[in-house]
Amino acid sequence: MVFGKKKKKPAEETQAGADGAALPPLEIKTIGIGKDEAQGLMIACRQLPGYPVAIILLANAVSSRADRILIDYSAQGAIARYRIDGVWETLPPMDRPTGDAALVVYKKALGLNPAERKQKQDAKFATNFAGTDWVVSFTSAGVQAGERVLFQIDTKKPTLKTLDDLGMREAMQTTFKGMLNATKGIVLISGPAGQGLPTTWRVSLEAADKFVRDFVSLEYKADPDPEIINVTQNFFDPAVGDGPDTIFEKMLLKQPDVLVMPSLISSYIAERTIDQITKHDKHAITRIVAGDTIDAVIQLLSTYRSEAKDIVKYLSGVLNQRLLRRLCDKCKQPFQPNPQLLQKLGIPAGRVQKLFQPTIPPPPEQRVDAKGNQIEIEICKKCNGRGYYGRMAIFELLTVDDTMRQAILKLAGNPDELRKFAKQRGHLGFQEEGVLACALGLTSLQEVQKMLSGK
Ligand SMILES: [Zn+2]
């Protein structure tokens, strides 16, 4: 267990479990109820038989950097999984009474009904572990086989703040910042669903120079983006009669310089945005869910058909991204790639001397010699034998100049041809960017192949 390896905490910081063993110091502070009530619930929960398992389950998840815990309850027992760096890991199965007892603790601590195993119940709680504040969203709901429980674990303060943090290479940062800080144009930020697009959007806006120019955003009240310093948020809320058109026009009265549009919303607003760019030299930054930069352009144009020509006229750059796992720098192993492999990857001979692969120890049952004796294998302390530590983004940045604009208009119905055209002009796609990250020793070919096959 992870705790055995951690530095010992002073006695007063640990909590005693039901069997007297020291437990990690972790509180469940329910959000949305009074402090006294939350404390009362916590004291009551400490007496419950499932408390040690409940606390260890969460503490192990956080210390292994998991951002999700999923527990499936069925007649056979309870199976918990952690999601670490985007990959699900299954924990040893729990018997049903053990799993049930742990769940009762969370439901009681969060003011939910432990007896309710069918209807959806959810609540949020705050916790602190290893010096970091965490916010955890808890959801339980009945499913066909029994009950499913999900913990979504987020840091309270975003840890990824700069394009550097996201892993964007320096030359690309310079080009991308040039696009963000230009006057009069459209920058499109895109990515597939579930690949960190909201984070890239936030960090990109953080990277833009907002001190000399006024940035305003138009957002849906029911689904707002996180607040960003020096971006004035404007919310539309059709439920109370504040439609997007009205709020957009009000927003323009303040004569902003840059329009931050998480979505162009409607044909009307797309047209008005273009109008602002044409007549008043405004700049616009918008966003779309798409698989790559070419896909993003095509989707934007097919969504706003009647404004397509103008959108292309002002489009200056398109960013897209994918997430993959970063190799653990403590245990990654260099290897000399054979020439056939390099050729397959499109790397010219002699360019890359070594690539890296993860160190993944064999499972415990295979750590035996010919006589069946246990062999001691040293497991990397940093990644716990996963071979990877943390994630990184691979970016694809399409620069749109006049030649590219003509190609987009001509080839919008044929994405593959458009991709080919961009590549001929030196545009680097995910494959090229991924191989570059491998050559820098940041990730493995397996991760790049997984990314390219869309898994
Ligand atoms: Zn390692």
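Residues numbered from 1 in each chain as written. Predicted model: local features only at pLDDT ≥ 70, side-chain atom pairs only at ≥ 80, totals over all residues.

Caption draft 1: Spatial organisation of the overall build of the protein chain. On a plain count of helices and strands, the protein chain comes out with 15 helices and 18 strands. Along the first, second and third principal axes, the C-alpha set of the protein chain runs to 75 × 65 × 45 Å. Within the protein chain, counting contacts between residues at least 6 apart in sequence, those at least 24 apart form 63% of the total. (Helix = DSSP H or I, 4+ residues; strand = E, 2+ residues; numbered from the N terminus. Contact = placed C-beta atoms within 7 Å.)

Caption draft 2: Structural context of the domain arrangement of the protein chain. The domain boundaries assigned to the protein chain delineate domain 1 (2-155) and domain 2 (163-325 + 391-452). Placing the centre of domain 1 and that of domain 2 at their C-alpha centroids yields a distance of 38 Å. (Domains from an automatic or database assignment.)

Caption draft 3: Layout of the sheet that holds strand 15 (residues 315-327). Pairing in this open sheet of 7 strands is mixed, and the strands run 12-11-13-14-10-15-18 from one edge to the other. Each edge of the open sheet is held by one strand with a lone partner, namely strand 12 (231-236) and strand 18 (388-399). When the angles between neighbouring strand axes are averaged without regard to direction, this sheet yields 20 degrees. Here strand 11 (residues 215-220) pairs with strand 12 via 6 bridges, running parallel. Bridge pairing links Leu218 to Asn234 in strand 12. Strands in contact with helix 5 (residues 170-180) are strand 10 (185-191), strand 14 (283-289), strand 15 and strand 18; relative to strand 18, the strand with the most contacts, it is inclined by about 55 degrees. (Pairing = 2+ DSSP bridges. Axes fitted to C-alpha atoms, helices over the stretch in contact; angles between N-to-C directions.)

Caption draft 4: Quick peek at unusual backbone geometry. Backbone geometry at Lys184 places phi at a positive 60 degrees, although glycine is not the residue there. As for its placement among the helices and strands, Lys184 is situated in the loop between helix 5 and strand 10. Taking the number of C-beta atoms within 10 Å as the measure of exposure, Lys184 has 14 and is therefore partly exposed. Phi at Ile265 takes a positive value of approximately 70 degrees, unusual for a residue other than glycine. Following the sequence through the fold, Ile265 ends up in the loop between strand 13 (258-261) and helix 8 (267-280). (Buried ≥ 20, exposed ≤ 12 C-beta atoms within 10 Å, placed from the backbone.)

Caption draft 5: A look at the nonpolar core. Counting 74 residues, the largest nonpolar core has Leu188, Val260 and Ile285 as the members making the most contacts within it. Sorting elements by how many residues they give to this core places strand 18 first, with 8 residues. The residues contacting Val260, other than those within four sequence positions of it, are Leu205, Phe215, Val216, Ser217, Val231 and Ile285. If you look at the next biggest cluster of nonpolar residues, it comprises 31 residues, including Leu103, Ala123, Val149 and Phe151. (Core = buried A, V, L, I, M, F, W, Y, C linked by C-beta atoms within 7 Å.)

Caption draft 6: Local environment of the environment of Ile285. Inspection of the secondary structure assignment puts Ile285 in strand 14. Spatially, the C-alpha atom of Ile285 lies 7.6 Å from that of Ile189, the residues being 96 residues apart in sequence. Not counting the four nearest positions on each side in its chain, Ile285 is found in contact with Leu180, Val187, Ile189, Val258, Val260 and Met261.

Caption draft 7: Layout of helix 15 (residues 445-452). Within helix 15 the residues assigned to the buried category are Glu447, Val448 and Met451. Down the axis of helix 15, the smallest arc covering the buried residues is 100 degrees, so these residues share one side. Positioned one or two residues after helix 15, Gly454 has a phi angle of 75 degrees, which is positive. (Arc of directions from axis to C-beta.)

Caption draft 8: Region of interest: the sheet that holds strand 3 (residues 29-30). Here 7 strands make up an open sheet; going across it, the order is 3-7-8-9-4-5-6 and the pairing antiparallel. In this open sheet, the two edge strands, each paired with only one partner strand, are strand 3 and strand 6 (87-90). Pairing of strand 5 (residues 77-84) with strand 6, which is carried by 4 bridges, proceeds in the antiparallel orientation. Opposite Arg81, over in strand 6, you have Thr90 as the bridge partner.

Caption draft 9: Looking closely at the packing of helix 7 (residues 244-252) against helix 8. The geometry of helix 7 relative to helix 8 is characterised by a closest axis approach of 10 Å and an angle of 15 degrees between their N-to-C directions. Viewed along their axes, helix 7 and helix 8 adopt a mutual orientation that is roughly parallel. Seen along the crossing, helix 7 lies across helix 8 with a hand that is right-handed. Here Pro244, Asp245, Phe248 and Leu252 of helix 7 lie close against helix 8, whose contacting residues are Tyr268, Ile269, Arg272 and Gln276. Residue composition of the contact of helix 7 with helix 8, by class: 5 nonpolar, 1 polar and 2 charged. (Parallel < 35°, antiparallel > 145°, perpendicular 65-115°, else oblique. Left-handed = near helix turned anticlockwise from the far one by under 90°. Nonpolar A, V, L, I, M, F, W, Y, C, P; charged D, E, K, R; others polar.)

Caption draft 10: Main features of the environment of Ile229. Mapped onto the fold, Ile229 is located in the loop between strand 11 and strand 12. Ile229 sits in the exposed class, given 8 other C-beta atoms within 10 Å.

Caption draft 11: Local environment of the pairing of strand 9 (residues 146-155). Pairing between strand 4 (residues 66-74) and strand 9: 6 bridges, direction antiparallel. Looking across to strand 9, one finds that Asp72 is bridged to Arg148. Where strand 8 (residues 132-143) lies against strand 9, 10 bridges are found, and the strand directions are antiparallel. Residue pairing for strand 9: Val136 is matched across the bridge by Ile153. Following strand 8, the chain reverses through 2 residues before pairing antiparallel with strand 9.

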